[in-house]
Amino acid sequence: MSPQLGTFTVPAIDNEPMNHYGPGSPERKALQAAITELQQQLPIEVPCVVNGKPVKTGNLAKQPMPHDHANHLCTYHEADPQTVASAIDGALAAKEEWQSLPWNDRAAIFLKAAELVSGKYRYKLMAATMLGQGKNAWQAEIDAAAELADFLRFGVKFVERLYSIQPEKNSGGVWNRTEYRALEGFVLAVSPFNFTAIGGNLCGVPALLGNVVFWKPAPMATLANYITYQIFTEAGIPPGVIQFVPGPPPEVVAQAINHKAFAGLHFTGSTFVFKKLWKDISSNLDIYRGYPRIVGETGGKNWHLIHGSADTRNAVLQSVRAAFEYSGQKCSALSRLYVSVSQWENGFKDQLLSEVAKVKVGNQLEWSTFVGPVINRIAFDKIISYIQKAKDAGGQILVGGTGDDSKGYFIQPTVILTQDPKSVTMVEEIFGPVLTVYVYRDEEYEKTLKLIDETSAYGLTGSIFSNSRAPLIQATHKLLNAAGNVYYNEKCTGAVVGQQPFGGSRGSGTNDKAGSMSIFYRFVNARSIKEGFVGLDGFNYPSNLE
Ligand SMILES: NC(=O)c1ccc[n+]([C@@H]2O[C@H](COP(=O)([O-])OP(=O)(O)OC[C@H]3O[C@@H](n4cnc5c(N)ncnc54)[C@H](O)[C@@H]3O)[C@@H](O)[C@H]2O)c1
Ligand SMILES: N[C@@H](CCC=O)C(=O)O
């Protein structure tokens, strides 16, 4: 091990500037070229990667493209039990060297990874995200380019700050220190389909702290996650530190959770799956060496509250974006809208319907498309069935309500007006382009706050629109636990790393706040060291003396 011959300061960092992809711009041309190049290579073959070596199990699965489901983006090798076992063994073998690497070297690897994401591989990663996860250019830019680079760069900064948190006091002749050890064992990262950046962050956070990570990507994000893995490797993450293990989710994850060296879960996905994994972990407590850290960010049933004093146009446009961008497939997506009757009848309704009518739905590779496909057949059927349930319950479809799954999984942006604020589409996560509106009486603002608070099991994001201060204050106070991310006069999607730490509580997760320092606390195990410089002369304390 080489000596550390200085105290190093991480370079200044900032959010990754976003490209805009306007007509004729160089970035539009570069992205188009990357998409075309990728399309010419389809389908890509993706192996598991264990100890830096590709493993081709021959158990093949496909990642179909949501806008063109007859064709697939990649064929990937699913891990079998032997592959899972060797991935865990290999990670544990890589642990000692990785956790002993000087911090500045680990930091440098992650800073380099950020440069690869924002530079050399930007368009390739975006192309894979667009083709595989159905994002249009802007949605891919904010995810695969900007947010992933931000997670990596800010992560380094947060860990630098975490490591600098040291005991406040040293008694005479004593030096106190806190060490932030990696967890004892391996961390299991289980990532969702909808954000390429989240996949990178779920394995990046623990790895940056010296942990070794078993990464099970989401089937519908396999290629983008594989490219992310390759970027980590090119940046210098040693073999075995992150093991890339796609495979049948319940089996692969269960095998990892049932291993005695399982030390932590870093999960993002649905509430249902997270609860199941938590229960599975709990029932294994006797086999583990310690108490595993469990971090999970999960579903949402996010709301906009439009007060009578709001700027109508802003509230309408923000609502259209929040409900329908990326086809409503963000955990933060707007899906229940509470509008005062004075707003609704004096322009909100007309503007909402006229703006939604302008939304272009279709192939996300066409530049003017705002709403692309939903991710797969299961999602398509589920969303359509929610629309049907809303109709059955007396909901009025104001716009949309239909889908077309003949080539891709397209669903029209749908706005439902309900008289029942606790109808099913006001309560349950749909994860599609479906917005349900409840119109409240202006004088029942306070009652509406209670309604918002009590309607759903989630607590992820929410926005309050008002041009007066008092309604903002009142809602913020009454909705204390209804959202982990609250916005004033801004849409409820689009949290930025380092600006709005992200996460919610209640059914929405452990709220450890991705994109902030607090998530890093969860994947270290602090050790206090006290060093004495002055020896004892005798064992008696002064109080023992005659
Ligand atoms: N709060 C957040 O920060 C956040 C961010 C993104 C997505 N999400 C949530 O994620 C969900 C959408 O993503 P998704 O469809 O990929 O979620 P999902 O729960 O279906 O899958 C998430 C991960 O769990 C795995 N998985 C699925 N079933 C499993 C099982 N039985 N055992 C073990 N692993 C299993 C999947 O393969 C995937 O890797 C939504 O509910 C959304 O709100 C939350
Ligand atoms: N961080 C994202 C949501 C991630 C979940 O899908 C946002 O704030 O919109």
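- The protein chain is annotated in an unreviewed UniProt entry as Multifunctional fusion protein of Marasmius oreades.
- According to its UniProt record, the protein chain has this under Pathway (unreviewed entry): "Amino-acid degradation; L-proline degradation into L-glutamate; L-glutamate from L-proline: step 2/2."
- The UniProt entry for the protein chain carries the following text under Catalytic activity (unreviewed entry): "L-glutamate 5-semialdehyde + NAD(+) + H2O = L-glutamate + NADH + 2 H(+)".

**What to know about the packing of aromatic side chains**
Consideration 1: Throughout the structure, instances matching the rule amount to 19 aromatic pairs.
Consideration 2: With centroids separated by 6.0 Å and ring planes inclined at 85 degrees, the aromatic side chains of phenylalanine 193 and phenylalanine 431 adopt a geometry described as edge-to-face. Of the two residues, phenylalanine 193 sits in the loop between strand E7 (186-190) and helix H6 (196-208) while phenylalanine 431 sits in the loop between helix H13 (424-427) and strand E18 (434-440), which places them 238 residues apart along the sequence.
Consideration 3: Geometry around tyrosine 326 places lysine 135 over its ring, the cationic atom sitting 4.5 Å from the centre.

**A closer look at empty space enclosed by the protein**
Consideration 1: All told, the structure shown has four cavities of 30 Å³ or more when counted by the stated rule.
Consideration 2: Along its surface, the largest cavity is lined by 14 residues, and Gly328, Ala333, Ser335, Ile430 and Phe431 are the ones closest to its centre.
Consideration 3: When grouped by side-chain class, the residues that make up the lining of the largest cavity number seven nonpolar, five polar and two charged.

**Re the site of ligand 1**
Consideration 1: For ligand 1, the set of nearby residues contains 27 residues, the closest of which are Ser191, Lys216, Ser270, Thr298 and Glu429.
Consideration 2: Phenylalanine 193 places a polar main-chain atom, nitrogen or oxygen, 3.1 Å from an oxygen atom of ligand 1.
Consideration 3: Serine 270 is positioned with one of its side-chain polar atoms (N or O) 2.6 Å from an oxygen atom of ligand 1.
Consideration 4: For ligand 1, whose unbound accessible area comes to 840 Å², protein coverage reaches 86%.

**Quick notes on the environment of lysine 276**
Consideration 1: By secondary structure assignment, the location of lysine 276 is in helix H9 (residues 271-282).
Consideration 2: Lysine 276 sits in the partly exposed class, given a relative accessible area of 43%.
Consideration 3: For lysine 276 and isoleucine 35, which are 241 residues apart along the polypeptide, the C-alpha to C-alpha distance reads 38 Å.

**Digging into the pattern of salt bridges**
Two side chains bearing opposite charge may form a pair once their charged atoms approach each other closely.
Consideration 1: For the coordinates displayed, the defined rule picks out 27 salt bridges.
Consideration 2: Among the ionic pairs, glutamate 366 bridges to lysine 360, the shortest N-O distance being 2.8 Å.
Consideration 3: Overall, the relative accessible area of 28% leaves lysine 360 in the partly exposed class.

**Brief notes about the domain arrangement of the protein chain**
Consideration 1: What the domain assignment lists for the protein chain is domain 1 (27-298 + 509-529) and domain 2 (302-488).
Consideration 2: Taking the mean C-alpha position of each, domain 1 and domain 2 sit 31 Å from one another.
Consideration 3: Residue-level contacts link 26 residues of domain 1 with 27 residues of domain 2.
Consideration 4: Roughly 2300 Å² is buried in total at the junction of domain 1 and domain 2, and carbon and sulfur atoms are behind 59% of that figure.
Consideration 5: Its largest share of buried area at the contact with domain 2, domain 1 owes to His67, His69 and Phe193, together 26% of the area lost on that side.

**Some points on the UniProt feature "domain: Aldehyde dehydrogenase" (unreviewed entry) in the protein chain**
Consideration 1: According to UniProt, the positions carrying the feature "domain: Aldehyde dehydrogenase" (unreviewed entry) are residues 69-518.
Consideration 2: Between the C-alpha atoms that bound residues 69-518 the distance is 40 Å, and the span itself is 44% helix and 20% strand.

**Describing the site of ligand 2**
Consideration 1: Close to ligand 2 lie Asn194, Phe195, Lys330, Cys331, Ser332, Thr493, Gly494, Ala495 and Phe502.
Consideration 2: Here serine 332 contributes a side-chain N or O atom positioned 2.6 Å from an oxygen atom of ligand 2.
Consideration 3: Alanine 495 places a polar main-chain atom, nitrogen or oxygen, 2.8 Å from an oxygen atom of ligand 2.
Consideration 4: With the chains in place, 96% of the 280 Å² that ligand 2 exposes on its own is no longer accessible.

**Some thoughts on the packing of helix H3 (residues 103-118) against helix H5 (residues 137-164)**
Consideration 1: Contact pair H3 / H5: the axes reach a minimum separation of 8 Å and the direction vectors enclose 165 degrees. Relative to H5, H3 is oriented roughly antiparallel. When you trace H3 past H5, the crossing you get is left-handed. The residues of H5 that touch H3, namely those facing Trp103, Arg106, Ala107, Phe110, Leu111, Ala113, Ala114, Glu115, Val117 and Ser118, are Ala144, Ala145, Leu148, Ala149, Leu152, Arg153, Val156, Val159, Glu160 and Tyr163.

**Points about helix H4 (residues 122-133)**
Consideration 1: Between its first and last C-alpha atoms H4 spans 16 Å; for twelve residues at 1.5 Å apiece the expected length is 16 Å, and the two agree.
Consideration 2: With ten of its twelve residues buried, H4 lies for the most part within the structure.
Consideration 3: Buried residues of H4: Arg122, Leu125, Met126, Ala127, Ala128, Thr129, Met130, Leu131, Gly132 and Gln133, and no others.
Consideration 4: Following H4 by one or two positions, glycine 134 adopts a phi angle in the positive range, close to 75 degrees.

**A short note on helix H10 (residues 312-324)**
An α-helical turn contains 3.6 residues, so a residue and the one three or four places further along point in the same direction.
Consideration 1: Across its 13 residues, H10 extends 18 Å between first and last C-alpha, which sits within 8% of the 18 Å expected from 1.5 Å per residue.
Consideration 2: Along H10, the residues classified as buried are Thr312, Ala315, Val316, Gln318, Ser319, Val320, Ala322, Ala323 and Phe324.
Consideration 3: Looking at the buried residues of H10, the elements they touch are strand E12 (302-306), strand E13 (334-340), helix H11 (341-358), strand E17 (414-418), E18 and strand E20 (461-465).
Consideration 4: At the N-terminal end of H10, a side-chain oxygen is found 3.1 Å from the backbone nitrogen of arginine 313, two or three residues along, and the residue is aspartate 311.
Consideration 5: Following H10 by one or two positions, tyrosine 326 adopts a phi angle in the positive range, close to 45 degrees.

**Some thoughts on the pairing of E20**
Consideration 1: Within E20, five of the five residues are buried, which leaves it mostly tucked inside the rest of the structure.
Consideration 2: Taking every second residue as pointing to the same face, both faces of E20 are buried, with Thr461, Ser463 and Phe465 on one and Gly462 and Ile464 on the other.
Consideration 3: Judged from the four bridges that link them, E12 and E20 form a sheet pairing that is parallel. Residue pairing across strands places tryptophan 303 opposite glycine 462, the latter belonging to E20.
Consideration 4: Inspection of the sheet shows E20 paired to strand E21 (residues 485-488) by four bridges, in the parallel sense. Within E21, the position partnered with serine 463 by the bridge is tyrosine 487.
Consideration 5: This β-α-β element, E20 to helix H15 (residues 469-478) to E21, shows right-handed connectivity.

The rules behind each value
Residues numbered from 1 in each chain as written. Chains lettered and ligands numbered in written order. Predicted model: local features only at pLDDT ≥ 70, side-chain atom pairs only at ≥ 80, totals over all residues. Heavy atoms only, no water. UniProt positions renumbered as here; feature names shortened; annotations may be inferred. Phe/Tyr/Trp six-rings, centres within 6.5 Å; stacked < 30°, edge-to-face > 60°. Helix = DSSP H or I, 4+ residues; strand = E, 2+ residues; numbered from the N terminus. Lys NZ or Arg CZ within 6 Å of the ring centre and 35° of its normal. 1 Å grid on protein atoms, 1.4 Å probe; cavity = no way out; pocket = protein on both sides within 12 Å on 5 of 7 lines; lining within 4 Å. Points joined across faces, edges and corners; volume = space filled by probe spheres on them. Nonpolar A, V, L, I, M, F, W, Y, C, P; charged D, E, K, R; others polar. Near = heavy atom within 4 Å. Polar contact = N/O pair within 3.5 Å; in protein donor to acceptor, adjacent residues only side chain to side chain. Areas by Shrake-Rupley, 256 points an atom, 1.4 Å probe, with all protein chains shown as cover. Buried < 20%, exposed > 50% of the residue type's maximum accessible area, 1.4 Å probe, protein only. Salt bridge = Lys/Arg side-chain N within 4 Å of Asp/Glu carboxyl O. Domains from an automatic or database assignment. Contact = heavy atoms within 4.5 Å. Buried area = accessible area lost by both parts, 1.4 Å probe. Axes fitted to C-alpha atoms, helices over the stretch in contact; angles between N-to-C directions. Parallel < 35°, antiparallel > 145°, perpendicular 65-115°, else oblique. Left-handed = near helix turned anticlockwise from the far one by under 90°. Expected span 1.5 Å × (residues − 1). Pairing = 2+ DSSP bridges. Right-handed = clockwise from strand over helix to strand, strands pointing away.

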